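As a plain string of letters, each chain reads:
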Amino acid sequence: MPTIRVDDSPAALAPDAWNRLLAASAQPTPFMRHEYLQALHDSGSAVAGTGWQPMFLSVWDDARLVAACPAWLKTHSYGEYVFDWAWADAYRRHGLRYYPKLLVAVPFTPVPGSRLLAVDDASRLLLAQALRGLAGETHASSLHVLFGDPADQAALAAAGCTARAGVQFHWTNGGDADFAAFLARLQRDKRKKIQQEQRRVREAGVVLEAREGAAISPADWDFFYRCYQQTYREHHSTPYLSRDFFARMASDMPAHWLMFTARQGGERVACSLIALDPQRRAAFGRYWGAVEHIPHLHFDACYYQPLAWCMAHGYQRFEGGAQGEHKMARGLMPTPTASSHWLAHPAFADAVNDFLAREGEAIAGYVDELGEHTPFKTKNAADAASSRAGES
């Protein structure tokens, strides 16, 4: 008979056992590694004091870990990127309590991937059902599993959850040898705009350098964190992640980071941080900040330089993060995402399920419409362009 367990720290679960489950999943990402989740906990970034009470759920067959997921009992909806503020407000206006809610996600990280780690579908379903049970035991208003993979979606649907559609913008390798080849495939106006933006950055005397893994020094991390804090300060907000979290990343997961630092006149002025999955050749745009405003530098540091690096290093995918139609003009195409939701209150559950059905239809139409506005040349246009001489 399987045993269900709830722990208040990822440290209660053996890193090797957790990472083996992750490696066997359909869509593993570095953000679901035990080291990443442990760093969030040990650095104080995602703990009860910040509104993230850890409730790591696991399923055991005797002493063997067969399924697990990171779960939190939450007292707010910050740091999630699948927005349910309107649901919380509707509860409040009807005199009902929306928080706490039970959340399965990677805190502050809108990267799609496997969430319900399991050795097989039966264990994954048992984990999904256990989540429903945990929501009841903790008196949570609802259960939310964000950015899960199709296997997660299927198990959660069988456990009574409803899917919610979303969209992000990702680049996939089209076989381009380098960034110049990539630009050549874009429509002329898109290509000209990127070239103009990069030229203006260079004319401002800015040079960007890339450092990977252990080559990123403590001083580099310090400057990055200064930029990271500045971004939040400009939005009158507080950083989600502590400096200690990034120190742990440098120590425990160095191979998973790529940093671009911008210098002007020899002085560092901006920084972007990219996460890497070297095994699966995927990269993820994560954080950006600047201590000086330089027009167009954000696009160069966060999109053009990372894309060029991916092409040079044989990477197959670059995910630009949550939202942002403007990313399409830079070669990142619409990609569907999904989450799963269950609400305990029957009337609200019916209303939300109806809303999600209508929202899903709208998003499907939106993705179809975006697909009609590709930034790339059509085949015929590309053939015609190749016959023109002198086009830049």
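As shown above, the structure is provided for reference.
Residues numbered from 1 in each chain as written. Predicted model: local features only at pLDDT ≥ 70, side-chain atom pairs only at ≥ 80, totals over all residues. Heavy atoms only, no water.

## Some words on the overall build of the protein chain
Within the protein chain, the secondary structure is distributed over 12 helices and 15 strands. Compactness check: the protein chain gives a C-alpha radius of gyration of 22 Å against a globular reference of 21 Å for 392 residues, within 12% of the reference. Expressed along its principal axes, the backbone C-alpha trace of the protein chain runs to roughly 70 × 45 × 40 Å. Out of the 392 residues belonging to the protein chain, those deemed buried represent 51%. Intrachain contacts of the protein chain at a sequence separation of at least 6 include 74% that bridge at least 24 residues. (Helix = DSSP H or I, 4+ residues; strand = E, 2+ residues; numbered from the N terminus. Rg over C-alpha atoms; globule rule 2.2 N^0.38 Å. Buried < 20%, exposed > 50% of the residue type's maximum accessible area, 1.4 Å probe, protein only. Contact = heavy atoms within 4.5 Å.)

## Digging into the pairing of strand E6 (residues 101–104)
Successive residues of a regular strand alternate their side chains across the two faces of the sheet. The side-chain alternation of E6 yields two buried faces, one formed by Lys 101 and Leu 103 and the other by Leu 102 and Val 104. With four bridges connecting them, strand E5 (residues 71–74) and E6 associate as antiparallel partners. Bridge pairing in E6 links Ala 71 to Val 104. Bridging between E6 and strand E8 (residues 142–145) involves three bridges; their strand directions are parallel. (Pairing = 2+ DSSP bridges.)

## Topic: unusual backbone geometry
Geometrically, the link from Tyr 99 to Pro 100 is a cis peptide bond, its omega value of 5° lying close to zero. Within the element layout of this structure, Pro 100 appears in the loop between helix H3 (85–93) and E6. Of note, the phi angle at Phe 108 is positive, near 65°, even though the residue is not glycine. Position of Phe 108 relative to the elements: it lies in the loop between E6 and strand E7 (117–118). Of note in this structure, His 139 is not a glycine but carries a positive phi near 60°. Along the chain, His 139 falls in the loop between helix H4 (121–137) and E8.

## With respect to the packing of aromatic side chains
The geometry of an aromatic ring pair comes down to the distance between the two centres and the angle between the two planes. A full pass over the atoms with the stated rule returns 31 aromatic pairs. Between Trp 221 and Phe 224, the ring centres sit 6.0 Å apart and the planes meet at 90°, which makes this aromatic pair edge-to-face. Here Trp 221 and its partner Phe 224 are both found in helix H8 (residues 218–234), three residues apart, which amounts to about one turn of the helix. Across the pair, exposure class does not vary: Trp 221 and Phe 224 are buried alike. The cationic tip of Arg 286 hangs over the ring face of Tyr 287; the distance from NZ or CZ to the ring centre is 4.9 Å. Looking at Arg 330, its charged tip hangs above the ring of Phe 299, at a distance of 3.7 Å from the centre. (Phe/Tyr/Trp six-rings, centres within 6.5 Å; stacked < 30°, edge-to-face > 60°. Lys NZ or Arg CZ within 6 Å of the ring centre and 35° of its normal.)

## A short note on the sheet that holds strand E3 (residues 56–61)
Read from one edge of the open sheet, four strands run E1-E3-E4-E7, paired in antiparallel fashion. Each end of this open sheet is capped by a strand with a single partner; those strands are strand E1 (3–7) and E7. In the sheet, strand E4 (residues 64–69) pairs with E7 via two bridges, with the strands oriented antiparallel. Pairing of Ala 68 across the sheet is with Leu 117, part of E7. Against the sheet, helix H1 (residues 15–23) engages E3, E4 and E7, with an angle of about 70° to E4. (Axes fitted to C-alpha atoms, helices over the stretch in contact; angles between N-to-C directions.)

## Observations concerning a negative patch on the surface
A surface patch of negative charge is lined by Glu 325, Asp 368, Glu 369 and Glu 372. For Glu 369, the location among the structural elements is in helix H11 (residues 346–371). (Patch = residues over 30% accessible without salt bridge, like charges linked within 9 Å, V, L, I, M, F, W, Y side chains within 5 Å. Areas by Shrake-Rupley, 256 points an atom, 1.4 Å probe, with all protein chains shown as cover. Salt bridge = Lys/Arg side-chain N within 4 Å of Asp/Glu carboxyl O. Lys, Arg positive; Asp, Glu negative; His and termini not counted. Charge placed at Lys NZ, Arg CZ, Asp CG, Glu CD.)

## A look at H1
Every buried residue of H1 is listed here: Ala 17, Trp 18, Asn 19, Leu 21 and Leu 22. On the buried face of H1, the contacting elements are helix H2 (34–42), E3, E4 and E7.

## Let's talk about the packing of H1 against H2
Interaxial distance between H1 and H2 falls to 9 Å at its minimum, and their mutual angle equals 125°. The angle between H1 and H2 places the two elements in the oblique class. Residues Pro 15, Trp 18 and Asn 19 of H1 touch H2, and the partners they reach there are His 34, Glu 35 and Leu 37. Looking at the contact of H1 with H2, its residues break down into three nonpolar, two polar and one charged. (Parallel < 35°, antiparallel > 145°, perpendicular 65-115°, else oblique. Nonpolar A, V, L, I, M, F, W, Y, C, P; charged D, E, K, R; others polar.)

## Focus on the pattern of salt bridges
Where charged atoms from two side chains of opposite charge come close, those side chains can pair. Counted under the stated rule, the structure contains 25 salt bridges. Arg 124 is paired through a salt bridge with Asp 121; the nearest N and O atoms lie 2.9 Å apart. With Arg 124 and Asp 121 both in helix H4 and three residues apart, this pair spans about one turn of that helix. Salt-bridge contacts for Arg 243 lead to Asp 222; the nearest nitrogen and oxygen are separated by 2.9 Å. Linking Arg 243 in helix H9 (residues 243–252) with Asp 222 in helix H8, this pair joins segments that are 21 residues apart in sequence. Owing to a relative accessible area of 24%, Arg 243 belongs among the partly exposed residues under this scheme. Looking at Asp 222, the relative accessible area reads 44%, which means it is partly exposed. Through salt bridges with shared partners, a single ionic network connects Glu 209, Arg 211, Asp 220, Arg 263 and Arg 268.

## Focus on the sheet that holds strand E14 (residues 317–322)
Pairing is mixed in the open sheet, where 11 strands are placed in the order E2-E5-E6-E8-E15-E9-E14-E13-E12-E11-E10. The two strands at the open ends of the sheet, each matched to only one other strand, are strand E2 (52–54) and strand E10 (206–212). Pairwise comparison of adjacent strand axes, ignoring direction, gives a mean angle of 30° for this sheet. As defined by bridge partners, strand E11 (residues 257–264) adjoins strand E12 (residues 267–277) across eight bridges and the pair is classed as antiparallel. Paired with Phe 260 across the two strands is Ser 272, which belongs to E12. Seen against the sheet, H4 touches E5, E6, E8 and strand E15 (333–343) and runs at an angle of roughly 150° to E6.

Purely geometric stuff here, so don't read any function into it on its own.
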